[in-house]
Amino acid sequence: MEYFAGLDVSLRSCAVCVVDGKGTVLHERELPCDIEEIAGYLTALRFPIERVGFEAGAMCQHLYYGLKSEGFEVVCMEARQVSAALSAMRNKTDRNDARGIAQVLRTGWFNPVYMKSREAHGIRALLSTRKALLSKTIDLANEVRGLLKIFGIRLPKTVQHGSFDDMVRPIVEMDEVLAHALLPLLDARLALHQHFLELDRRVKRAARQDEVCLRLMTAPGVGPVTALTFKAAVDDPARFKRSRTVIKLLTPSQRHLFHPQYVPMQHAE
């Protein structure tokens, strides 16, 4: 007899349901969303668990690799398929969702989701934090521009991020009212910009130390950010059977950079 465990995962808790090969519910419990707690509960059962499954979500990578390291066969299922299966249930609760996930896992009516490596998620985190700091730096610069307009001070349309503070700070310090209001804003923007520069250096260093990124950057217009973004999106090239499937991961501008002959059907002449 085979046994399956379905997990309905939230941020801090996890509903667990264990069923046998006939679909009979054997065990149900709510646990903290912690690898040791879940693995300990499943290991303590008197029968071996054939497969553990849950739907794709924010915690799926942590659970996937954590439970796999504990010796379980783990499956992450497409959220849309699981949602369609659970929509037929009358009462929407964590307990019932765990039951439905366990039944979907038992029947095999699902498509597994590819779990990217920790390296790929690390690259994405680096690129995301760099982008977030750049966005906040621009927001604060625009805020300063808007406040200065009230006092009749109009900055040039284009000011480099690195020279913004050197240009604006002397103007602000000449007026006591402006200095009292805007200097903290300039200090915050300067600190964000310095951290952005550090992350930007890390991105360039990571691209220079990666053979795949170095090869991608030989294409005209492809820099470290685009190369790392593409590498993190693909992760394992062996999981794609056709190159056109990889191209669909890119934005239209990135498609032109990596595949100049690729023309989307809606824009073809």
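I will try to describe carefully the structure that is included in this document. (Residues numbered from 1 in each chain as written. Predicted model: local features only at pLDDT ≥ 70, side-chain atom pairs only at ≥ 80, totals over all residues. Heavy atoms only, no water.)

## Looking at the layout of surface pockets
The space that makes up the largest pocket amounts to roughly 290 Å³. Of all the secondary-structure elements, those providing two or more residues to the lining of the largest pocket are helix 5 (118-150) and helix 9 (224-234). Residue contributions to the lining of the largest pocket peak at five residues, all from helix 5. Residue composition of the lining of the largest pocket, by class: four nonpolar, two polar and four charged. There is about 150 Å³ of room inside the second largest pocket. Lining the second largest pocket are Val 212, Leu 216, Phe 230, Lys 231, Val 234, Asp 235, Pro 237, Phe 240 and Val 246. Elements with a contribution of two residues or more to the lining of the second largest pocket: helix 8 (211-216) and helix 9. When its residues are assigned to classes, the lining of the second largest pocket shows seven nonpolar, no polar and two charged. (1 Å grid on protein atoms, 1.4 Å probe; cavity = no way out; pocket = protein on both sides within 12 Å on 5 of 7 lines; lining within 4 Å. Points joined across faces, edges and corners; volume = space filled by probe spheres on them. Helix = DSSP H or I, 4+ residues; strand = E, 2+ residues; numbered from the N terminus. Nonpolar A, V, L, I, M, F, W, Y, C, P; charged D, E, K, R; others polar.)

## Here's the deal with the packing of aromatic side chains
Scanning the model with the defined rule gives two aromatic pairs in all. Here the aromatic rings of Tyr 3 and Phe 47 are separated by 4.2 Å at their centres, their planes lie at 20°, and the arrangement is stacked. Here the residue Tyr 3 occupies a position in strand 1 (residues 3-9), and Phe 47 occupies one in the loop between helix 1 (35-43) and strand 4 (51-55), the gap between them amounting to 44 residues. What makes Tyr 3 buried here is its relative accessible area of 16%. Phe 47 gets classed as buried once you look at its relative accessible area, which sits at 8%. For the ring pair Tyr 64 and Tyr 65, a centre distance of 5.2 Å and an interplane angle of 85° mean the geometry is edge-to-face. The class for Tyr 65 is partly exposed, based on a relative accessible area of 33%. (Phe/Tyr/Trp six-rings, centres within 6.5 Å; stacked < 30°, edge-to-face > 60°. Buried < 20%, exposed > 50% of the residue type's maximum accessible area, 1.4 Å probe, protein only.)

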